[in-house]
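# Geometric and topological summary
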Amino acid sequence: MKTDVFASRHIGIREEDLQHMFKTVGVENLEQLIYETIPNDIRLKTPLALEAPMSEHKFLEHLQNLSEKNKVFTTYIGLGYHESLTPSVIKRNILENPGWYTAYTPYQAEIAQGRLEALLNFQTMICDLTGMELANASLLDESTAAAEAMTMLYEVRSREQKKNNVVKFFVSEEILPQTLSLLKTRAIPLDIELVIGNHETFEFGADFYGAILQYPGKHGQVNDYASFIAKAKEQEIKVAVAADILSLTLLTPPGEFGADVVVGTTQRFGIPLGYGGPHAAFFATKDAYKRSIPGRIIGVTKDTDGNPALRMALQTREQHIKRDKATSNICTAQVLLAVMAGMYAVYHGPKGLKYIAKKVHTSAATLADALEQLGVYQINTSYFDTITVKADATLVKPVAEKNEVNFLYSDDQTISIALNEATSLEDLQKVVAIFAEALDKDVIAIDVVKDLLAIAPISQRTSPFLENVVFNSYHSETEMMRYIKKLERKDLALNHSMISLGSCTMKLNAASEMLPLSSAQWGNIHPFAPIEQAEGYQTMLKALEADLNIITGFAGTSLQPNSGAQGEYAGLMVIRAYHESRNDSHRNICLIPASAHGTNPASAVMAGMKVVVTKTDEKGNIDVADLEEKVAKHADNLAALMVTYPSTHGVFESSIKHITKLIHDNGGQVYMDGANMNAQVGLTNPATIGADVCHLNLHKTFAIPHGGGGPGVGPICVAKQLVPFLPGNPVIKTGGEKAISAISAAPWGSSLVCLISYGYIKMLGEQGLRHSTEIAILNANYIKHRLSGNYEVLYTGEKGRAAHEMILDCRPFKQNGIEVTDIAKRLMDYGFHAPTVSFPVAGTVMIEPTESEGLAELDRFCSAMISIRKEIDEASAEDVDNVLKNAPHTLKMVTADAWKFPYSREKAAFPLEFVSDNKFWPSVRRVDDAYGDRNLICTCAPIEAYMEA
């Protein structure tokens, strides 16, 4: 074994395993399997032109050298991003812990209770600080959350407003520039009319449905918005407020002055700047809008025994249910970052948060006082952490940069300085010295941070927050470490066993890819820092874009979309802009196969397109005859086809080039959903099949961990004609010559975690990437043949092969009284997370093993599935008291004095020998989803509940 070859560590199958697997699958070698799986006319004829692979040691050395090209200045730019201190106990036990970062979205609640509790903490924290009734489990960033607020308020307009086509939305000129850009992006296709102005002079009218305010404003001013909102209510105008989360410990929460929605980012709660992300946004609203809130909500319910349990409530996978009627295409949260932010609040508690906020505020007030003694006056009448001064920026900027300090320069006479948790007395002195030198004045000494208050009385918070037990119990590192471990033990992650989720590609997130995320040289760069200060980042990001171009066969890449759903939307908006540039703005029909991901139709509607669904045939493929008929019918208005390849059914459809040519011949563009790219890399690519744009799930194919449901990254790669329209940013220039407005807040999206995919590609190289794809396909077909005779595979290719995933039909088991959910829950007793359940076909499971799993783990999984099949045969529709219906079995059940079930404790908990060697115990019995939705509780219990107990 070559110990310096990363591919041998990433790929689980050993060389000596191959002959056994080939015999099982019925092929002579890998080449035969690939030939029988992928149509020959779309196979790549030459290897990918990528650099030779690096060893893990050389990659880490390379990245260290690259990081040293970043200039980590002390940055006071603000605009929604601030240096934050990540408590080491959170960094080590969550950010750097595979028990947290390799977990999947908590669709299987019984083995995700730890993550769910952490997210409930997050929701409680957001509700308390904002003064709102309901919060979701996080969104992508502040700007996208603001855009979601705008569209949600549009959706919940009154009947009269909808009837009168009321479409105006007021945007305060105090809004962050990146948020304004994103509001424009989202507003255009929905025909929402943005009106930007001064909230103090805004004329209310019946032609407005909503408004958004910034709190504090982009330059730090804290406004009293109570009268504005009161006037808005008189006109049935609903108001969203974009708020700074730390400021809300000292400022009146927006819920107390009448806000309908409050959004923002929790980045300054212990999350690194990371050149723009990932960071967890928040979205809080009124209970009245619970059916319209975007994203995920964690709710309280009970399990089979009536004990408290948690699960995702209401909106869970609503895109797959509502499709083109969905109110949002957001199915990605930022769970790992939300967990960290929530734990930051748990660790510091209300007193700690208030201490931090007061330190930041008094530092700002002390700085303002010192600058005034220099004759530099600041213009904010009430502020939290940001002062804005009038001074000659052309004199100050060179001195500041010489001293490695960044301020925000609005114009030649206006400078904003946003202080943060890390700001020290020495930092304040340095800022004063910079101004003194620039203005040729004597330095004013700052001996102490003064106890000054610069928040107007009307804006000072008086209400308590975070009174729950969880926020007042774990303030020593010992207590905090044990609390995090307690929750971790309740979650099944990839560090325990294979998570074989079809379409989700849960592969190894290698430690060497993850290590750089902890480096300050990567973590402490502000996304709006001058670009020359981010040379290391720029080198890495450009190289990643170039490699993704080669892998996809396309001409350009934008890394800005910070989730797969954002990538879908970005790709469609680029197609829309392309058509408009050719005076084809009438092209608005988007064809989508019935088998597509639910986010596809939701994204198309958000992009202003009309969805036309095309049929699939009995083999699960696109019905070409139906497609041809619909293309002919809509030829004059055809904008795009959205296609997943290989298909959501796990098949490489041989008609794909005919399909893409058909679209092009009729004036449309082809969007390829990259969810299944793990079956393409190095063997075929989107350009070869005839696509024009694809999004890539870096959190799937390119090894960014799922983090319990996020972070995700969804860059788009595009053909030459679409490059000019790649998305831009209002602060830092990026994108094409005719760039559409922003898709996410930061210029390059979640830049920090792009290091992971960069490492994945650099360490695997062309041969390693191609071999990963081949082994992913081999592993899937090995499982298919191992399970043959026990489960029917619903769809296969023309030669009987699966791609990298397959669908098992569990519908026949209904005659035994067994539903697919019972199989999912029983797998927990065997120590496995269920495959994808009932998507894309109800009553089925979709299995994807990935290339990272070894033969022993594949065999354990197959043994578990075969054992479960025997248990299904033993079950009957009349007898519901069986091992499947009662699954999962908890430790409390198995160790209870009484055992009332007609099967043994051993069969319940240790059904196969290997289970006892590494037993994972679900912490609750099967959860009751319906009860939880009927009795919606989405925050922690108040402290009184514990007192009564």
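Residues numbered from 1 in each chain as written. Predicted model: local features only at pLDDT ≥ 70, side-chain atom pairs only at ≥ 80, totals over all residues. Heavy atoms only, no water.

### Re the overall build of the protein chain
Across its full length, the protein chain holds 32 helices and 25 strands. For the protein chain, the spread of C-alpha atoms along the three principal axes comes to 85 × 70 × 65 Å. Within the protein chain, the fraction of its 949 residues that count as buried is 65%. Across the protein chain, every contact between residues at least 6 apart in sequence was considered, and the portion connecting residues at least 24 apart equals 77%. Accessible surface for the protein chain amounts to roughly 32,700 Å². Of this, 49% is attributable to carbon and sulfur atoms. Taken as two groups, the 88 positive and 111 negative side-chain charges of the protein chain have centres that lie 3 Å from each other. (Helix = DSSP H or I, 4+ residues; strand = E, 2+ residues; numbered from the N terminus. Buried < 20%, exposed > 50% of the residue type's maximum accessible area, 1.4 Å probe, protein only. Contact = heavy atoms within 4.5 Å. Areas by Shrake-Rupley, 256 points an atom, 1.4 Å probe, with all protein chains shown as cover. Lys, Arg positive; Asp, Glu negative; His and termini not counted. Charge placed at Lys NZ, Arg CZ, Asp CG, Glu CD.)

### So, the packing of aromatic side chains
A complete count under the given rule lists 31 aromatic pairs for this structure. Summarising the aromatic geometry, the rings of Phe-202 and Phe-228 are spaced 6.0 Å apart at their centres and angled 35° between planes, so their arrangement reads as tilted. Remark: Phe-228 occurs in helix α11 (residues 226–234) and Phe-202 occurs in the loop between β4 (193–197) and β5 (208–215); sequence separation between them is 26 residues. When its relative accessible area of 11% is taken as the criterion, Phe-202 is described as buried. An aromatic cluster is defined as three or more aromatic residues linked by ring pairs; in this entry it consists of Phe-170, Phe-202, Phe-204, Phe-208 and Phe-228. It is Arg-186 that lies over the ring of Tyr-569; its NZ or CZ is 5.3 Å from the centre. Directly above the aromatic system of Tyr-931 lies the positively charged group of Lys-302, at a separation of 4.4 Å from the ring centroid. (Phe/Tyr/Trp six-rings, centres within 6.5 Å; stacked < 30°, edge-to-face > 60°. Lys NZ or Arg CZ within 6 Å of the ring centre and 35° of its normal.)

### Remarks on the pairing of strand β8 (residues 281–285)
Of all the five residues making up β8, five are buried; the element is thus mostly covered by neighbouring parts of the structure. With burial as the criterion, each face of β8 is covered, one bearing Ala-281, Phe-283 and Thr-285 and the other bearing Phe-282 and Ala-284. Here two bridges tie strand β2 (residues 134–135) to β8, and the two strands are oriented antiparallel to one another. Paired with Leu-134 across the strands is Thr-285, a residue of β8. (Pairing = 2+ DSSP bridges.)

### Things to note about the nonpolar core
One finds Met-343, Leu-548 and Ile-551 to be the most contacted residues of the largest nonpolar core, which totals 217 residues. Sort the elements by how many residues they give to this core and helix α25 (residues 751–786) lands first, with 17 residues. The next biggest cluster of nonpolar side chains, apart from the first, holds 33 residues, and it includes Met-150, Leu-180, Ala-242 and Cys-938. (Core = buried A, V, L, I, M, F, W, Y, C linked by side-chain atoms within 4.5 Å.)

### Details of the sheet that holds strand β15 (residues 556–558)
With respect to topology, seven strands assemble into an open sheet ordered β15-β21-β20-β19-β18-β16-β17, the strand pairing being mixed. Two strands bound the open sheet, and with one partner strand each, they are β15 and β17 (610–614). The mean angle between the axes of side-by-side strands here comes to 25°, regardless of whether they run parallel or antiparallel. Where β15 meets strand β21 (residues 716–718), three bridges bridge the pair, whose relative direction is antiparallel. Within β21, the position partnered with Gly-556 by the bridge is Val-718. In this fold helix α19 (residues 535–552) packs onto β15, β20 (693–696) and β21, with an angle of close to 125° to the strand it touches most, β15. Sheet contacts for helix α23 (residues 656–665): β16 (589–593), β18 (638–644) and β19 (669–674); angle to β19, the most-contacted strand, approximately 140°. (Axes fitted to C-alpha atoms, helices over the stretch in contact; angles between N-to-C directions.)

### What about empty space enclosed by the protein?
According to the stated counting rule, one finds ten cavities of 30 Å³ or more in the structure shown. Counted as a void, the second largest cavity has a volume near 240 Å³. Contributing to the lining of the second largest cavity are 24 residues, with Leu-79, Gly-80, His-82, Pro-216 and Asp-244 lying nearest its centre. Among the secondary structure elements, those contributing two or more residues to the lining of the second largest cavity are β5 and β14 (414–418). In terms of residue class, the lining of the second largest cavity is built from nine nonpolar, ten polar and five charged. (1 Å grid on protein atoms, 1.4 Å probe; cavity = no way out; pocket = protein on both sides within 12 Å on 5 of 7 lines; lining within 4 Å. Points joined across faces, edges and corners; volume = space filled by probe spheres on them. Nonpolar A, V, L, I, M, F, W, Y, C, P; charged D, E, K, R; others polar.)

### Remarks on the pairing of strand β11 (residues 386–390)
Most of β11 sits out of view: four of its five residues are buried. Here β11 pairs with β14 via five bridges, running antiparallel. From the neighbouring strand, Val-389 faces β14, where its bridge partner is Ile-415.

### Brief notes about helix α5 (residues 88–95)
Turn by turn, an α-helix covers 3.6 residues, leaving residues three or four places apart pointing in a common direction. Within α5, the full set of buried residues consists of Val-89, Ile-90, Asn-93, Ile-94 and Leu-95. Burial along α5 is one-sided: seen end-on, the buried residues are contained in an arc of 160°. Along α5, exposed side chains directed more than 90 degrees from the buried face belong to Ser-88 and Arg-92. Buried residues belonging to α5 abut α6 (98–101), α13 (335–373) and α16 (477–488). (Arc of directions from axis to C-beta.)

### Notes on the environment of Ala-742
Note that Ala-742 resides in the loop between β21 and α25. The sequence separation of Ala-742 and Ser-143 amounts to 599 residues, and the corresponding C-alpha distance is 9.4 Å. Aside from chain neighbours lying at most four places away, what touches Ala-742 is Ser-181, Leu-182, Thr-185, Gln-560 and Gly-728.

### Topic: helix α26 (residues 820–829)
Burial within α26 is extensive, with nine of its ten residues counted as buried. If you check which residues of α26 are buried, you get Val-820, Asp-822, Ile-823, Ala-824, Lys-825, Arg-826, Leu-827, Met-828 and Asp-829. Taken from the residues just after α26, Gly-831 is the one with a positive phi, measuring 90°.

### Some words on the side chain of Arg-576
Inspection of the secondary structure assignment puts Arg-576 in helix α20 (residues 564–581). Relative accessible area serves as the criterion here: at 19%, Arg-576 is assigned to the buried category. With residues up to four places along the chain from it excluded, the contact list for Arg-576 reads Ile-188, Pro-189, Ala-607, Gly-608 and Met-609.

### Notes on the packing of α13 against helix α15 (residues 425–438)
Packing of α13 against α15 brings their axes to within 10 Å, and their N-to-C directions diverge by 25°. On the basis of their axis angle, the class for α13 and α15 is roughly parallel. Both α13 and α15 take part in a crossing whose hand is right-handed. Contacts between α13 and α15 pair Ser-363, Leu-367, Ala-370 and Leu-371 from the former with Leu-428, Val-431, Val-432 and Phe-435 from the latter. A per-class count over the contact of α13 with α15 returns seven nonpolar, one polar and no charged. (Parallel < 35°, antiparallel > 145°, perpendicular 65-115°, else oblique. Left-handed = near helix turned anticlockwise from the far one by under 90°.)

### Quick word on the pattern of salt bridges
Here the structure, examined in full by the defined rule, presents 38 salt bridges. Between Arg-186 and Glu-148 there is a salt bridge, and its shortest N-O distance comes to 3.2 Å. Of this pair, Arg-186 sits in helix α10 (residues 177–190) while Glu-148 sits in helix α8 (residues 142–155), and the two are 38 residues apart along the sequence. Here Lys-814 ties to Glu-819 by a salt bridge, and the two come within 2.7 Å at their closest N and O atoms. On the basis of relative accessible area, Lys-814 is assigned to the partly exposed category, the value being 47%. The partly exposed category is assigned to Glu-819, whose relative accessible area is 34%. Connected through shared salt-bridge partners, Glu-51, Asp-547 and Lys-762 make up one network. (Salt bridge = Lys/Arg side-chain N within 4 Å of Asp/Glu carboxyl O.)

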